[in-house]
Amino acid sequence: MTRAAVSVQNVSKRWTPEGRAPVLALDDLSFDVAPGEFVVLLGPSGCGKSSLLYMIAGLEEVSEGRLLCDGEAIVEPSAERGLIFQEASLFPWLTIADNVAFGLSIQHVLPERRREIAVETLRRVGLGDMLDKKPDELSGGMRQRAACARALAMRPKVLMMDEPFAALDVQTRARMQDFLLQIWRDSGASILLVTHSIDEAISLADRVVVFTARPGRVKTIVPIELPRPRQSRDPRYHAYRDQFADLLADEVDRAFAEQEVV
Ligand SMILES: Nc1ncnc2c1ncn2[C@@H]1O[C@H](COP(=O)(O)OP(=O)(O)OP(=O)(O)O)[C@@H](O)[C@H]1O
């Protein structure tokens, strides 16, 4: 049997904000991500999606349960598990090529090889002409592609993305989704992507993990059985859209109700 790229086993996360009562963000979550699988996490605001990514990235500890990457317990950050945020977190004082090369220096790649890998990866994401530009000279979509290049250069087994396209306009977002599917196929990495967008989930995912309102639990896991590229005109696409809208409606109501009580 193939080992899961990521295995989430009965994971709970409790945050204890200073001077306030503990918050149970995630409660007894279990699911696996297969090697090369594209999994989307969908759920109402505050249900713990980002918390889960931080824990898989090794930036936060689980309160209970176990997290494994390729059969090994996750105890700290690793180049095997890249994390990309909504706003590309590039160093503004470094060129795009140096931003990509910087991650490789942490991996102890020899300096001459770093530049080569950076150039090669930036070409793959269509930024071969932008090597010596600084991040603020690029558009939002280009900065996100540079952030993808920085993560991909490390050859991660798992690429995690926290609402990576939420700040982009509709057209750029659609192009970035196509771009992401292309690099996903090329790299063979597993992807775990958080989104609030039902359409993004249907366009991208092999499987969608739907979370309940906080504390986040797995409400259901829906495989998207549509050929790629996915056509929003397809009646089956509409059926998925209705299914997710119904699944989320109850949870969003619950999340609001809780906020009103607080
Ligand atoms: N560093 C932290 N310290 C304390 N509480 C936190 C921390 N990070 C998250 N939380 C709390 O955990 C809960 C889940 O937050 P999280 O950001 O993981 O949810 P989310 O599903 O990603 O939300 P959104 O979709 O709005 O980004 C929230 O109640 C949040 O306030």
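Cut-off values and rules
Residues numbered from 1 in each chain as written. Predicted model: local features only at pLDDT ≥ 70, side-chain atom pairs only at ≥ 80, totals over all residues. UniProt positions renumbered as here; feature names shortened; annotations may be inferred. Helix = DSSP H or I, 4+ residues; strand = E, 2+ residues; numbered from the N terminus. Rg over C-alpha atoms; globule rule 2.2 N^0.38 Å. Buried ≥ 20, exposed ≤ 12 C-beta atoms within 10 Å, placed from the backbone. Contact = placed C-beta atoms within 7 Å. Expected span 1.5 Å × (residues − 1). Core = buried A, V, L, I, M, F, W, Y, C linked by C-beta atoms within 7 Å. Domains from an automatic or database assignment. Pairing = 2+ DSSP bridges. Right-handed = clockwise from strand over helix to strand, strands pointing away. Near = placed C-beta within 6 Å. Nonpolar A, V, L, I, M, F, W, Y, C, P; charged D, E, K, R; others polar. Axes fitted to C-alpha atoms, helices over the stretch in contact; angles between N-to-C directions.

Per an unreviewed UniProt entry, the protein goes by the name ABC transporter ATP-binding protein and belongs to Bosea spartocytisi. Among the UniProt annotations of the protein, the heading Sequence similarities (unreviewed entry) holds the following wording: "Belongs to the ABC transporter superfamily."

Caption draft 1: Looking closely at the overall build of the protein. In terms of regular secondary structure, the protein is built from seven helices and ten strands. Here the protein has a C-alpha radius of gyration of 19 Å; the compact-globule value for 262 residues is 18 Å, and the two agree. In terms of overall dimensions, the protein has C-alpha extents of about 55 × 45 × 45 Å along its principal axes. Relative to its 262 residues, the protein shows a buried fraction of 38%. Residue pairs in contact within the protein that sit at least 24 positions apart in sequence constitute 69% of those at least 6 positions apart.

Caption draft 2: View of helix α4 (residues 140-152). The end-to-end C-alpha separation of α4 is 18 Å, in line with the 18 Å expected for 13 residues at 1.5 Å each. With eleven of 13 residues buried, α4 is to be regarded as a mostly interior element. Of all the residues in α4, the buried ones are Gly 141, Arg 143, Gln 144, Arg 145, Ala 146, Ala 147, Cys 148, Ala 149, Arg 150, Ala 151 and Leu 152. Where the residues of α4 are buried, they touch β6 (81-84), α2 (96-106), α3 (111-124), β7 (158-162) and α5 (170-187).

Caption draft 3: Spotlight on the nonpolar core. Of all hydrophobic cores here, the largest spans 66 residues; its most connected members are Val 40, Ile 56, Ala 149 and Leu 192. By residue number, the principal contributor to this core is α4, which donates six residues. Taken domain by domain, the makeup of this core includes at least three residues from each of domain 1 (35-80 + 157-253) and domain 2 (88-155).

Caption draft 4: How the structure looks around the pairing of strand β8 (residues 190-195). Judged by how many residues are buried, β8 sits mostly within the fold: six of six residues are covered. Residues Ser 190, Leu 192 and Val 194 point to one face of β8 and Ile 191, Leu 193 and Thr 195 to the other, with burial holding for every one of them. In the sheet, strand β3 (residues 38-42) pairs with β8 via five bridges, with the strands oriented parallel. Paired with Leu 41 across the bridge in β8 is Val 194. By the bridge criterion, five bridges tie β7 to β8 in an arrangement that is parallel. From the neighbouring strand, Met 160 faces β8, where its bridge partner is Leu 192. For the segment spanning β7, α5 and β8, crossover handedness is right-handed.

Caption draft 5: Structural context of the site of the ligand. The full set close to the ligand counts 13 residues, and Trp 15, Ala 25, Ser 45, Ser 50 and Ser 51 are the nearest of them. Those elements giving two or more residues to the shell around the ligand turn out to be β2 (23-33) and α1 (49-57). Per-element accounting of the shell around the ligand gives the leading share, three residues, to α1. Partitioning the shell around the ligand into residue classes produces five nonpolar, six polar and two charged.

Caption draft 6: Just the sheet that holds strand β5 (residues 72-73), in detail. The strand order across the open sheet formed by four strands is β2-β1-β4-β5, and the pairing between neighbours is antiparallel. Strands at the two margins of the open sheet, each flanked by one partner only, are β2 and β5. Summarising the sheet, strand β4 (residues 64-69) and β5 pair through two bridges and their orientation is antiparallel. Within β5, the position partnered with Leu 68 by the bridge is Ala 73. Here α1 sits on the sheet and contacts β1 (6-15), β2 and β4; the angle it forms with β2, its principal contact strand, is near 60°.

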